[in-house]
Structure formats: C-alpha cells, structure tokens
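If you want the building blocks of each chain, they are given just below.
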Amino acid sequence: MVSRADGRAGGPLIGVLALQGDFEAHARMLRRLGTEVREVRVPEDLRGLAGLVLPGGESTVMMLGIEREGLAEPLRELAAAGMPMLGTCAGMIVLDREHLGILDIRARRNAFGRQTRSFEADLEIAGLGAEGLLRAVFIRAPWVEDRGPDVEVLASIDGHPVAVRQDRIVAVAFHPELGDEPRLHERLVADAAAPRERAA
Ligand code: GLN
C-alpha cells in the first residue's frame, strides 16, 4: 500500500471530479496517501488518469456540470474500460442508472430524510480489505433502492445498501473524506495501481 508521510507524489494519478461539491477534501485525503491528484473539470483532464473520485455535493448541479462540459460520455467510456472509481454520496447518485448509468443501481436521494437525517454510524464494509469498523458520516445521504445482479452490497443500514461495488466501481452513500478514514481511498489507489483484470 502506498502510504507516505513526506507528501511526495509517487502513487498512480487519481482524478477528482471538481465541478461542484467537496472535491478539495478528497484531494487532500489522496495527497495524504502520497498519490498524485488532478482536479477534473473538462474531458482533457481525464487523460492519463488511473482512477477517479466523484465527490459528494449536490447531484443535480453536478450532473448539469457534467453535461455542460461534455464529460458524460468520456466518463462512461472510462468506466467501461475498467477505470477504478469511487463515488461518494452525490457521487453515488451521479453514477446510477438515472444519471450516468455507470452503476446498475437506482439511488434514492435524501433517503434518510433531509437535514435532520445527517448522522454518523460505524459500518463494517465487506471485501474492501478494511479491518474493523469504519466511521461513516452521512449528510442528506442516498441509499440504494434497487440494484442489478452484478452489484455487490458492501454495507447496509436497516437493510438499505449504503456501500456497493460493481466491478472496479465503488459507491458509498457517506463521506469517507470527512474525518480520518483513509481506507476507501487507499483501496481506490491500490485498484488504480493494479493491472486491470480481463473480464472472463
Ligand atoms: N442530497 C444530495 C443530493 O441529492 C447529496 C448530499 C451529499 O452529497 N452529501 O445530491
């Protein structure tokens, strides 16, 4: 695992979609892990990336920006080509069937209720190599209302999936970039550094 305190970039180049939302917190987290980070605003920014974060924020505004900048099709192509991605909160919504259509899920916006349902929970995330519980911050979070057969549920709250994986794309309903929880970002960096597995 790439994890260095000296701040020198050495890991794979990871993009953070920076049209709207809390992209700076993701970029800080990734730099802390010693990886190179590029903010993505236009399709040219995607060139040479090994992985991508879609941050939390406001999915409607983010989606408008994606359409405006012509990013939707390039993002779909990169996902189809096997680029590891991590979508968080609004990023989960943007990845779903009704938006980019990259994940075979339907996310329900503000599923826990609006402002009043911001909360923290300790989650056990399956299959991410994360030992122990993960402190998850939920802010007007979605959950996964419906999913296809290729989608693996990594964690749920009250029976509602809040962390899912499909191939090399992970989407979580919470904000791992807030606070001190680097393990999902570490996993993204590790996936980005790993050679792509060929689909059978
Ligand atoms: N409620 C927001 C939306 O629907 C997501 C909130 C978040 O990303 N923290 O887009």
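Residues numbered from 1 in each chain as written. Predicted model: local features only at pLDDT ≥ 70, side-chain atom pairs only at ≥ 80, totals over all residues. Heavy atoms only, no water.

Trainee: What is the right way to look at the overall build of the chain in this model?
Mentor: Along the chain, the regular secondary structure elements total five helices and 11 strands. In terms of overall dimensions, the chain is globule-like: its C-alpha atoms have a radius of gyration of 15 Å, near the 16 Å expected for 200 residues. Referenced to the eigenvectors of the C-alpha coordinate spread, the extents of the chain come out at roughly 40 × 40 × 35 Å. Counting only residues that meet the buried cut, the chain has 52% of its 200 residues in that class. Here the chain displays about 9200 Å² of accessible surface, and carbon together with sulfur accounts for 46% of that area. (Helix = DSSP H or I, 4+ residues; strand = E, 2+ residues; numbered from the N terminus. Rg over C-alpha atoms; globule rule 2.2 N^0.38 Å. Buried < 20%, exposed > 50% of the residue type's maximum accessible area, 1.4 Å probe, protein only. Areas by Shrake-Rupley, 256 points an atom, 1.4 Å probe, with all protein chains shown as cover.)

Trainee: How should I be thinking about the pattern of salt bridges in this particular structure?
Mentor: Think of it this way: side chains of opposite charge can pair up when their charged atoms draw near. Per the stated rule, a full pass over the model turns up 13 salt bridges. The salt bridge partner of Arg135 is Glu120, with a shortest N-O separation of 3.0 Å. In this pair, Arg135 is assigned in strand E7 (residues 134–138) and Glu120 in strand E6 (residues 119–123), connecting sequence segments 15 residues apart. The partner of Asp191 in a salt bridge is Arg165, and the shortest N-O contact between them spans 3.0 Å. Pair noted here: Asp191 is in helix H5 (residues 183–193) and Arg165 is in strand E10 (residues 160–166), with a separation of 26 residues, a long-range link. (Salt bridge = Lys/Arg side-chain N within 4 Å of Asp/Glu carboxyl O.)

Trainee: Got a minute to help me understand the site of the ligand in this structure?
Mentor: Near the ligand you find Gly56, Gly57, Glu58, Ser59, Cys89, Ala90, Ile93, Arg109, Asn110, Ile139, Arg140 and His175, and these make up its full shell. A distance of 2.8 Å is found between a nitrogen atom of the ligand and a side-chain nitrogen or oxygen belonging to His175. Of all the cavities here, the one that holds the ligand is the second largest pocket. Along the lines of polarity and charge, the residues of the shell around the ligand split into four nonpolar, five polar and three charged. (Near = heavy atom within 4 Å. Polar contact = N/O pair within 3.5 Å; in protein donor to acceptor, adjacent residues only side chain to side chain. 1 Å grid on protein atoms, 1.4 Å probe; cavity = no way out; pocket = protein on both sides within 12 Å on 5 of 7 lines; lining within 4 Å. Sits in = over half its atoms within 2 Å of the grid points. Nonpolar A, V, L, I, M, F, W, Y, C, P; charged D, E, K, R; others polar.)

Trainee: Mind showing me how you'd approach the confidence of the model for the chain here?
Mentor: For any part of a model where pLDDT is low, the fine detail of the predicted coordinates should not be relied upon. Looking at the chain as a whole, the pLDDT averages 91, with 90% of positions reaching at least 70. Contacts from residues 1–8, a stretch scored under 50 in pLDDT, to residues over four places away or in other chains number 14 contacts. (pLDDT = per-residue confidence, 0-100. Contact = heavy atoms within 4.5 Å.)

Trainee: Please explain the layout of surface pockets as it appears in this structure.
Mentor: Think of a ball as big as a water molecule: rolled over the atoms, this probe shows where empty space is left. Estimated volume of the second largest pocket: approximately 170 Å³. Every residue along the wall of the second largest pocket is listed here: Gly56, Gly57, Glu58, Ser59, Cys89, Ala90, Ile93, Arg109, Asn110, Ile139, Arg140 and His175. A class-by-class count of the residues in the lining of the second largest pocket yields four nonpolar, five polar and three charged. (Points joined across faces, edges and corners; volume = space filled by probe spheres on them.)

Trainee: Would you explain the sheet that holds strand E11 (residues 169–172) in this entry?
Mentor: Strand pairing in a sheet takes place through backbone hydrogen bonds and is either antiparallel or parallel in direction. Overall, mixed pairing links the seven strands, which are arranged E2-E1-E3-E4-E11-E10-E9 in an open sheet. Strands with a single pairing partner mark the edges of an open sheet, and in this sheet they are strand E2 (36–40) and strand E9 (152–157). Across the sheet, the axes of successive neighbouring strands diverge by a mean angle of 20°, strand direction being ignored. Looking at chain direction, strand E4 (residues 85–88) and E11 are connected through four bridges and run parallel. Residue pairing across strands places Thr88 opposite Val172, the latter belonging to E11. (Pairing = 2+ DSSP bridges. Axes fitted to C-alpha atoms, helices over the stretch in contact; angles between N-to-C directions.)

Trainee: I'm lost on the packing of aromatic side chains in this one. Help?
Mentor: Two numbers describe a pair of aromatic rings. These are the distance of the centres and the angle of the planes. Scanning the model with the defined rule gives five aromatic pairs in all. Aromatic side chains Phe112 and Phe119 sit 5.1 Å apart centroid to centroid with 70° between the ring planes, which places their arrangement in the edge-to-face category. Judged by its relative accessible area of 9%, Phe112 is buried. Taken together, a centroid distance of 4.9 Å and an interplanar angle of 90° make the contact between Phe112 and Trp143 edge-to-face. Taken as a pair, Phe112 in the loop between strand E5 (105–108) and E6 and Trp143 in strand E8 (residues 143–147) lie far apart in primary sequence, 31 residues in all. Since its relative accessible area comes to 9%, Trp143 is described here as buried. (Phe/Tyr/Trp six-rings, centres within 6.5 Å; stacked < 30°, edge-to-face > 60°.)

Trainee: When you look at the nonpolar core in this model, what are you seeing that I'm missing?
Mentor: Across soluble globular proteins, you tend to see nonpolar side chains buried next to one another. If you look at the biggest cluster of nonpolar residues, it comprises 66 residues, and the most contacted ones within it are Phe138 and Phe174. The element that contributes the greatest number of residues to this core is helix H4 (residues 90–95), accounting for five residues. Every residue in contact with Phe138, bar those within four places of it in the chain, is listed here: Phe112, Arg117, Ser118, Phe119, Ala121, Leu123, Ile157, Val162, Ala173 and Phe174. (Core = buried A, V, L, I, M, F, W, Y, C linked by side-chain atoms within 4.5 Å.)

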